[in-house]
Amino acid sequence: FRKDFMWGAATASYQIEGAWDKDGKGQSIWDTYAHTEGAIEDGTNGDITCDTYHKYLEDIKMLKRLKATHYRFSLSWSRLLPTADSSAPNAAGVAFYNKFIDGLLANNIKPCVTLYHWDLPQCVQDKGGWQSEDVVEKFKEYADFCFSQFGDRVKLWVTINEPHVQCGFGFGMGIHAPGIKGQFSPIYHTDPMNACYQVSRTMLLSHAHTYRMYSSKYRAKQNGLISITLNSDWCEPKDPSNPDHVKAAQFYIDATLGWFAHPIFKDGDYPDSMKEHILEMSKAQGLKNSRLPVLSEQEKNLIKGTYDFFGLNHYTTRLAEQITDETQAFAIHPDMPSFVYPDPSWERAGNDRLPIGSEWLFIVPTGLRKLLNYISKTYGDPSIIITENGCSTKHSVNNPGDTKQLEDEQRCRFITSYLNEALKAHLLDGVDLRGYFLWTLMDNFEWAAGYTERFGLYHVDFEDPARTRTPRKSAATFTKIIEE
Ligand code: GBH
């Protein structure tokens, strides 16, 4: 890897901070959602979680011990701007992030800051949230505030984390905050506006306006890099000699990664395959226009090229074939003509006692190399930073047989093998890879799965008021790789 390769771990505000209502913080949609009966698998929430708001010095020590050169974390919008009004900031919130950033830098760890990792202020949600055009100005105002406060020291910015997941889970299936079940969901066909696609547009516009504002107002003085983080599985045709399977695999990548990557990294617009298929599906339902909003020439020009690097979150791989009447029930959503599934021979995240970690996570290191090559070829060889990659175990606090799972052999192998494939992409294939952030520094609130899925290099004891952090074996493995 390059001499200046970024070695880090990643987290997100709602997943680690806690102090959900302390010192003037406003509420976010995740505070609301996690407090909703039945929303979270184990009935928990992020009220306290790792308590990083009070224990941030420990987090910095852990990063130092890891020998991380960088740390990716996100800011809580509602902690900084409780009413989403930048003329009325929360001084305690600003002070917290200042102490945190200064602490990192004092230990020679460079911050990579995500502005938005899914915790929209509830007051913005109450005015329509991502479904309203007004959010674009609000997001820009928030970003402007963050650049003005922290941009003297933060040189690496991510606007939005995984817009695809926010759209699909928050507004389609409704299994993440704000929990709006749209037409996107195979189960609920209640939303004629198709919230999911509307939201993808306001997210693209928020990102693009923010990028351009940084360039015109801050870049010359602060000289940082700014982009977006997109998540993507790798996907292969079940039978590479079958053209339908090839098409299905390509469609899956287009409609997940390409949905945001084509507009930003290619030509300002959604992939043709996606536009054509959604139009066809919309017409079949008797609609005159496509549910996918058409981007104007002006919008396309605004969005195109708004990146300084390609932020990639990658975990797993799927096989694809075209959907049939028998497999329709397993479609991710009604507009998805590809049936995707894992190869049963692939190893699953998990361990001997609980053989399945996250249901969706199959360990396919070669997929990372292929995906990196695909991004490099499709999007004109951008600098790529892997902003997340990691592996989980299932962990039930109510199971007396459960252990801390400190000897996490599988996670050690996961890190080593995925990094090895990333190295091949860099050395053998010439992909411009700039950094790797492991998800995640310590066990934390895993969204709808609560505390049942653990991705941490450090175990966190959520029953202990001190939230004691204990390094797993994988922490030492990661450090050894960084050192060598
Ligand atoms: C990341 O998303 C998030 O950025 C991070 O906050 C999170 O903690 C981390 O992953 C680990 O999950 O439940 O079968 O419907 C990764 C992308 C997309 C992966 C949704 C899991 C759920 C599949 N995620 N997917 S399923």
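To start, this report covers the structure provided alongside it. Residue positions are given per chain, counted from 1 along the sequence in the order it is written. Per-residue local features are limited, in this predicted model, to residues with pLDDT of at least 70; the limit for side-chain atom pairs, both in listing and counting, is 80 or more; totals at the level of whole chains, interfaces and linings are taken over all residues. The basis for the side-chain values is all heavy atoms of the structure; hydrogens and waters are excluded.

**Section: helix α5 (residues 91–106)**
Thinking step 1. We count a stretch as a helix when DSSP gives it H or I for four or more residues in a row; a strand needs E for two or more, and each element gets its number in order from the N terminus. To estimate how far a helix should reach, multiply one less than its number of residues by 1.5 Å. The end-to-end C-alpha distance of α5 is 22 Å, a good match for the 22 Å that 16 residues give at a rise of 1.5 Å each.
Thinking step 2. A 1.4 Å probe rolled over the protein chains alone gives each residue an accessible area, and that area as a share of the maximum for its type sets the label: buried under 20%, exposed over 50%, partly exposed in between. Within α5 the residues assigned to the buried category are Gly 93, Val 94, Phe 96, Tyr 97, Phe 100, Ile 101, Gly 103 and Leu 104.
Thinking step 3. Lining the buried residues of α5 we find α1 (13–16), α3 (52–66), β2 (70–74), α4 (77–80), β3 (110–116) and α7 (134–150).
Thinking step 4. Phi turns positive, to about 65 degrees, at Asn 108, one or two residues after α5. Note on contacts: a residue pair qualifies if any of its non-hydrogen atoms lie within 4.5 Å across the two residues.

**Some thoughts on the site of the ligand**
Thinking step 1. For the ligand, the set of nearby residues contains 16 residues, the closest of which are Gln 15, His 117, Glu 162, Glu 446 and Trp 447.
Thinking step 2. Side-chain polar atom of His 117 to an oxygen atom of the ligand: 2.9 Å apart, as the coordinates give it.
Thinking step 3. Each accessible area is a Shrake-Rupley result for a 1.4 Å probe, and residues are judged covered by the shown protein chains and nothing else. Protein burial of the ligand: of its 580 Å² of free accessible surface, 76% is covered by the chains.
Thinking step 4. The method works on a 1 Å grid over the protein atoms by themselves. A cavity is a set of points holding a 1.4 Å probe that cannot get out, a pocket is an open set with protein on both sides within 12 Å along at least five of seven lines, and residues with an atom within 4 Å of a point line them. Cavities and pockets are treated as containing a molecule whenever more than half of the molecule's atoms lie within 2 Å of their grid points. According to the grid-proximity analysis, the pocket containing the ligand is the largest pocket.
Thinking step 5. Considering only residue class, the shell around the ligand consists of eight nonpolar, five polar and three charged. The rule for a residue being near a molecule or strand is that one of its heavy atoms must lie within 4 Å of it. Within 3.5 Å is the distance limit for a polar contact, defined as a pair of N or O atoms, with the added protein rule that one can donate a hydrogen and the other accept it, and that residues adjacent in sequence qualify only through two side-chain atoms. Polar here means any residue outside two lists: the nonpolar Ala, Val, Leu, Ile, Met, Phe, Trp, Tyr, Cys and Pro, and the charged Asp, Glu, Lys and Arg; Gly therefore counts as polar.

**With respect to the sheet that holds strand β9 (residues 338–341)**
Thinking step 1. Strand pairing requires that DSSP identify at least two bridges connecting the strands. As summarised here, the arrangement of the three strands in space is β6-β8-β9, forming an open sheet in which the pairing is mixed. Both edges of this open sheet fall to β6 (234–237) and β9, since each of them pairs with a single strand only. Taken over all neighbouring pairs, the strand axes of this sheet differ in orientation by 35 degrees on average, direction set aside.
Thinking step 2. In this structure, β6 lies alongside strand β8 (residues 317–322), joined through four bridges in parallel fashion. Counted as the bridge partner of Pro 237 is Ala 320 from β8.
Thinking step 3. On top of the sheet, helix α13 (residues 365–378) reaches β6 and β8; it is set at about 95 degrees to β6, its chief contact. Comment: axis = line fitted to C-alpha atoms, over the contacting stretch for helices; angle = value between 0 and 180 degrees taken between N-to-C directions.

**A word on the packing of aromatic side chains**
Thinking step 1. Side-chain rings of Phe, Tyr and Trp, where Trp is taken by its six-membered ring, are said to pair if the distance between their centres is within 6.5 Å; with planes under 30 degrees apart they count as stacked, over 60 as edge-to-face, and otherwise as tilted. As enumerated under the stated definition, the model contains 46 aromatic pairs in all.
Thinking step 2. With 5.1 Å between their ring centres and 65 degrees between their planes, Tyr 116 and Trp 130 make a pair best called edge-to-face. Pair noted here: Tyr 116 is in strand β3 and Trp 130 is in the loop between α6 (122–125) and α7, with a separation of 14 residues, a long-range link. This pair shows no difference in class: Tyr 116 is buried, exactly as Trp 130 is.
Thinking step 3. By the ring-pair criterion, three or more aromatic residues cluster together here, those being Tyr 14, Trp 30, Tyr 33, Trp 118, Phe 445, Trp 447, Tyr 451 and Phe 462.
Thinking step 4. A positively charged side chain is recorded as over a ring if its NZ (Lys) or CZ (Arg) lies within 6 Å of the ring centre. The angle to the ring normal must also be within 35 degrees. The ring of Phe 96 carries Arg 79 above its face, with NZ or CZ at 5.9 Å from the centroid.

**What to know about the pairing of strand β7 (residues 310–313)**
Thinking step 1. With burial as the criterion, each face of β7 is covered, one bearing Phe 310 and Leu 312 and the other bearing Gly 311 and Asn 313.
Thinking step 2. Two elements, strand β5 (residues 225–231) and β7, share three bridges in a ladder whose sense is parallel. Note that in β7 the partner of Leu 230 across the bridge is Leu 312.

**Overview of empty space enclosed by the protein**
Thinking step 1. Grid points are joined across faces, edges and corners, and a volume is the space filled by probe spheres set on the points. In the structure shown here, the tally under the stated rule is three cavities of 30 Å³ or more.
Thinking step 2. Looking at the largest cavity, its volume works out to about 70 Å³.
Thinking step 3. Considering the residues around the largest cavity, the lining is formed by Ser 13, Tyr 14, Glu 17, Gly 18, Trp 20, Lys 25, Ser 28, Asp 31, Gly 46, Ser 76, Arg 79 and Asp 119.

**So, α7**
Thinking step 1. In this model, α7 (17 residues) spans 25 Å end to end at C-alpha, consistent with the 24 Å of a helix rising 1.5 Å per residue.
Thinking step 2. Turning to α7, its buried residues are Val 135, Val 136, Phe 139, Tyr 142, Ala 143, Asp 144, Phe 145, Cys 146, Phe 147 and Phe 150.

**Let's talk about the nonpolar core**
Thinking step 1. Take the buried Ala, Val, Leu, Ile, Met, Phe, Trp, Tyr and Cys residues and link them wherever side-chain atoms come within 4.5 Å; each set so joined is a nonpolar core. If you look at the biggest cluster of nonpolar residues, it comprises 144 residues, and the most contacted ones within it are Trp 30, Leu 75 and Trp 157.
Thinking step 2. Those residues in contact with Trp 157 that sit more than four places away from it in its chain are Leu 75, Val 113, Leu 115, Cys 146, Phe 147, Phe 150, Gly 151, Tyr 214, Leu 225, Ile 226, Ser 227 and Phe 309.
Thinking step 3. In this structure, Ile 323, Trp 346, Phe 362 and Val 364 belong to the second largest nonpolar core, which totals eight residues.

**Quick word on the pattern of salt bridges**
Thinking step 1. We define a salt bridge as a side-chain nitrogen of Lys or Arg found within 4 Å of a carboxyl oxygen belonging to Asp or Glu. By the definition in use, this model includes 35 salt bridges.
Thinking step 2. Note that Arg 2 is salt-bridged to Asp 4, the shortest N-O span being 2.8 Å.
Thinking step 3. Relative accessible area serves as the criterion here: at 48%, Asp 4 is assigned to the partly exposed category.
Thinking step 4. The salt bridge involving Glu 236 is made with Lys 370; its shortest N-O contact spans 2.7 Å. With Glu 236 in strand β6 and Lys 370 in helix α13, the pair connects residues that are 134 residues apart, well separated along the chain.
Thinking step 5. The exposure class assigned to Lys 370 is partly exposed, which follows from its relative accessible area of 37%.
Thinking step 6. The network of salt bridges with common partners includes Asp 269, Asp 272, Lys 275, Glu 297 and Lys 300.

**Notes on the side chain of Lys 55**
Thinking step 1. Tracing the chain through its elements places Lys 55 in helix α3.
Thinking step 2. For Lys 55, the side chain forms a polar contact with the main-chain oxygen of Ala 466, separated by 3.0 Å.
Thinking step 3. Filtering out sequence-adjacent residues up to four positions away, Lys 55 remains in contact with Cys 50, Ala 466, Arg 467 and Arg 469.

Everything listed here is a matter of coordinates, which is why it stays silent on function.
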